[in-house]
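Each chain, written out:
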Amino acid sequence: MQSNTSRILLLLLLFCALSVRSQNTNSTRKDSVKVVQKTDTLNLAKKDTLKPKESILDLITHTAVGYTKQNAKNKTVTFYDKAQVTYTDIDLKAGIIIVDYLKNTMFAKGIKDSTGYVQRPVFKQADQESEQDSMIYNFKTKRAIIYGIKTKQEPGMFVLGNKAKRVNDSTIYMRKIRFTTSDKKIPDYYIGVNKGKVVPGKKIVAGLSNLVIADVPTPVFLPFAYFPIGQSRNSGFIIPTFNTNAGSSRGIGIQNGGYYFAVNDYVDLEILGDAFSNGSWGLRTRSLYVQRYRFSGNFNLSFEKIIQSTRGFDDFSEATNFNLQWTHRKDPKSSPNSNFTASVNLGSSQYFRQSINELNQSSFLSNTFNSSISYQKTFVGTPFNMSVNATHSQNTNTNIITMTLPSLQLNMNRIYPFAGKGGVKRNPIQNIGLNYNMQGVYQINTTEDQFFKSEMFKTARSGVVHTADANTNVTVLRHFTLSPNVQYREVWNFDYVNKTYDNAANAVVTDTIRGFRSFREYSTSLSLSTNIYGDFTFKKGRLKAIRHTVRPSVSFSYRPDFAARHNLQVRQSADPNDLLTYSPFEQGVYGRPTSGTSGSIGISINNVLEAKVAPKDPDSDEEYEKIMLLNNLNISTSYNIAADSLRWSNITLATGVRLFKDKLAINFNGSFDPYQVNASGVRIDEFNSFPRLALANVTANYTISSSDFSKDKKDDKKSNSGNGNQDTPDVLGAGIDPSNRFATNPNSPQNNQPEEKEATLYRSSLPWRLNMAYTALYTNNGISNIGISTHTLTFGGDIELTPKWKVGFSSGYDVINGGFSYTRLNFSRDLDSWRFNFNWVPFGLNQSYTFFIGVKSSILSDLKYDQNRPPNRVLF
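Not measured: the values here are computed from a predicted model.

**Quick word on the packing of aromatic side chains**
Right, on to step 1. Going through the model one piece at a time under the given rule, you end up with 24 aromatic pairs.
Right, on to step 2. Ring centres of tryptophan 326 and phenylalanine 340 lie 6.5 Å apart, and the angle between their planes is 50 degrees; this geometry places the pair in the tilted category. Highlighted residues: tryptophan 326 in strand β25 (residues 317–330) and phenylalanine 340 in strand β26 (residues 338–347), separated in sequence by 14 residues.
Right, on to step 3. With a relative accessible area of 22%, tryptophan 326 lands in the partly exposed category.
Right, on to step 4. On the accessibility criterion, phenylalanine 340 (26% relative accessible area) is partly exposed.
Right, on to step 5. Members of the aromatic cluster, each reached through a chain of ring pairs, are Tyr87, Phe123, Tyr137 and Phe139.
Right, on to step 6. The ring of tyrosine 496 carries the charged tip of arginine 517 above its face, separated from the ring centre by 4.4 Å.

**A closer look at the pairing of strand β46 (residues 805–814)**
Two faces, one strand: in a regular strand the side chains alternate between the faces of the sheet.
Right, on to step 1. In this structure, strand β45 (residues 786–799) lies alongside β46, joined through eight bridges in antiparallel fashion. Within the sheet, the bridge partner assigned to isoleucine 799 lies in β46 and is valine 807.
Right, on to step 2. Hairpin connection from β45 to β46: five residues lie between these consecutive antiparallel strands.
Right, on to step 3. Judged from the six bridges that link them, β46 and strand β48 (residues 824–831) form a sheet pairing that is antiparallel. Paired with tryptophan 805 across the bridge in β48 is arginine 829.
Right, on to step 4. Here β46 folds back onto strand β47 (residues 819–820), and the loop between the two strands holds four residues, one of which, glycine 818, carries a positive phi near 65 degrees.

**Overview of the pattern of salt bridges**
Right, on to step 1. Across all of its chains, the model carries 23 salt bridges by this definition.
Right, on to step 2. The residue aspartate 495 makes a salt bridge to arginine 461 at a minimum N-O spacing of 3.9 Å. Of the two residues, aspartate 495 sits in strand β33 (residues 480–502) while arginine 461 sits in strand β31 (residues 461–471), which places them 34 residues apart along the sequence. Comparing aspartate 495 with arginine 461, the two get one shared label, buried.
Right, on to step 3. Across the pair glutamate 490 and arginine 520 runs a salt bridge, and its minimum N-O distance is 3.4 Å. Placement of glutamate 490 in strand β33 and of arginine 520 in strand β34 (residues 507–529) is noted, with a sequence separation of 30 residues between them.
Right, on to step 4. On the basis of relative accessible area, glutamate 490 is assigned to the buried category, the value being 13%.
Right, on to step 5. Owing to a relative accessible area of 40%, arginine 520 belongs among the partly exposed residues under this scheme.
Right, on to step 6. What emerges from the salt-bridge pattern is a single network uniting Lys184, Asp188, Lys804 and Asp832.

Conventions used here
Residues numbered from 1 in each chain as written. Predicted model: local features only at pLDDT ≥ 70, side-chain atom pairs only at ≥ 80, totals over all residues. Heavy atoms only, no water. Phe/Tyr/Trp six-rings, centres within 6.5 Å; stacked < 30°, edge-to-face > 60°. Helix = DSSP H or I, 4+ residues; strand = E, 2+ residues; numbered from the N terminus. Buried < 20%, exposed > 50% of the residue type's maximum accessible area, 1.4 Å probe, protein only. Lys NZ or Arg CZ within 6 Å of the ring centre and 35° of its normal. Pairing = 2+ DSSP bridges. Salt bridge = Lys/Arg side-chain N within 4 Å of Asp/Glu carboxyl O.

The analysis is restricted to geometry; functional conclusions fall outside its scope.
What follows is the structure in structure tokens.
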């Protein structure tokens, strides 16, 4: 028993000794390892870099209106009520935000109160922002799980999804997605997709898509969808409009389909085409170019081949038309001393009347095409400036075209060669001013048939004209101004007319000879003018004073006869004494020398009537209001002392007045003939008992709107002084464009409505506007042609039936012919994210209509439906 006990004790002591040794040995080994690590030449300490880094690399700033609660055990921080957390480029706002430092996550959700679910999380990173029901974001992986997401992608695309997984800051995968441009809680429409991928700022890719309108699915499906998004432009196809009008002579077809090229940041290009089943087709190119602070412009080229009926039938006809438009503007800041502008509009005369695609009203009614390309240069430090112009004028009724290719003009601003030091002008000599102008032109007169052909240059004319004048003024008897003037004119022609008699044909033959010929002429004038004021004051009432200003003027001008020295004679019949006098300059660009000596005394009187009215409140500090009672009343005539008969010229009278706070402008121009006429209508040297009204023109423009009757309206304080002329109101209405640019063009007339209008159930007023223009022309030749030759009333306006509904109209009435002129009705409806337009020309040669309903946003501009019935074009 004792021996066994002894053995057990020995074993225990041995075990303890071994345990202590083992511990000493292990301790020694650890220390040695440390020493080795410190002296290891292989630099094994780099293994420490494999240790995981902290996931939160930056400070987290936070705020909360409610409270901030920390959980030290679970290492979480809770922010309540209007909480905001900012971390690196991440900004998160929500009702509740929980930051978990152990899991490296951030959870956010809204708060429920009596109004519902509020303070939904708004997550913003860099320029991307989204709103959601709740979300979890991982600081370490940069990923997020989002529920009930709503994010906006440029330009104006809203993406809504039930669940989304944010892989990184450039990719989001979603389920149960709705794409829309409607910013409402319940969208007006959306494109529903089960699965999709969003790359913010670049694109949206989705699978099977279905169009849903007002939460009602439609039978419109697409196997896949691709939406380019972002600020940059992208090239792509333009969906055409399908024309299925059975009554059209061109059959069925497509219009305005093509491709858009986003060439670069400065230039784009749009190519559109039309095609119809009877063979008619059209092609249009449009380009816009802009370079900031330098220049901008646009270029449009259209070509159409129009076929009526079917080849082989009697009523078959075809026509080919084109139109070219170019606009260029130079930024004045790029070069203050020079400028280049272009406004070109040329093409076939019948383009806008026969076109199957363009329904621009102003172009349809216009009978002229005008173009101008101009370059101006100012020579700094000198009084000279120069301009080079190329112009084009085309009459679409007569097909006559007039062009200048080019026209060079050199001007010298007025200089005072006798002025004193520092430009002081104290006497008439020092006040003498000199002007000089030189203009050279190469003019082409041709027809549309010879346009762009060599024949158009055969009738070209060229010439140069120099004009110079000197004038001064001097005060006479303190109240009169005496102004003498001397003018010199010299004309150079590089072709002239030569007429010969053809004995065989017994007729005069006119030939145009290429060569240099010139003529010179001069004239002088002297005028005396003054101002006479008459003031009438009133002590009672608001009318305080009336001022009558009279500006009489008397002038004398003298010009010798310069035609006699240049005129030539040619025999015009078999009789040798039957001579025809002609001028070799009769076809010159700047005309022929003036014939007959003129010594004319001119008399003119100008009248202006103004009033001063006190404010309604006598204690007010407001200044007296100046009211123009009579804008002008001009009377003028002249007496030629050098003439042997008919010395008096017609008496002209012009007046203008504005009434009803400048809402109504009335202008009258008349010409009174003091002489009688014979049976042939030729004036004879016998006076009428009272000057005969030979010509009279009356115009009146009136603009009125509902705002004129508003009690809280602001008075229009614009200054309207002048000669009484007023721009014609917009009685013709806006143009119609049936293409798919309705929704994408911000300047389209169909889009010129207030964008954000809130509809109300009851309204006491309907905003409206009415423009009217009246024109009457009276002629009297003294024999038979007596009466009103023109008598028209044109009117146009619009009325807002509701904040979303607007009806516009434009028309006119011809009193003499007893019929309405061009009439158009326009109905538009703002459908929030959609827009509806209906334009109708109910009768006339241009009878037509266009119907359009589509999405406003440019990204979904092809989501539309439009139909149009073009006018029945008559080609010949």
